[in-house]
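Descriptive analysis of the structure
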Amino acid sequence: MTGVDRDDEEPGGPSDQEAAAPGTARRRPALLILAVLSAALVVCCCSAVVGLLIAWSAGLFHQP
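To start, this report covers the structure provided alongside it.

A closer look at the overall build of the protein
Within the protein one finds two helices and zero strands. The buried share of the protein, taken over its 64 residues, is 2%. Entry remark: accessible area of the protein is about 6,100 Å², with carbon and sulfur atoms responsible for 66%.

A short note on the state of the cysteines
For the coordinates displayed, the defined rule picks out zero disulfides. This cysteine, Cys45, is not joined by any disulfide, and Cys44 carries the nearest cysteine sulfur, 6.8 Å off. Considering cysteine sulfurs only, Cys45 is the nearest to Cys46, which forms no disulfide, with 7.0 Å between them. Judged by its relative accessible area of 45%, Cys46 falls in the partly exposed class.

Rules behind the numbers
Residues numbered from 1 in each chain as written. Predicted model: local features only at pLDDT ≥ 70, side-chain atom pairs only at ≥ 80, totals over all residues. Heavy atoms only, no water. Helix = DSSP H or I, 4+ residues; strand = E, 2+ residues; numbered from the N terminus. Buried < 20%, exposed > 50% of the residue type's maximum accessible area, 1.4 Å probe, protein only. Areas by Shrake-Rupley, 256 points an atom, 1.4 Å probe, with all protein chains shown as cover. Disulfide = S-S within 2.5 Å.

Following this line, the structure appears as structure tokens:
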């Protein structure tokens, strides 16, 4: 051995982009889950606001 790493001698080793790909691939499902949760929260909040507006216009919150 001459003190040189074997990775430096072999030209077929993984490049920096290929080594970074698994981390990026792991982030995509997490971002997809966050996007779906955010969309669900927006839909729930908007439907709650619409329901409150309908109830208010129907007089459910007015004094009898």
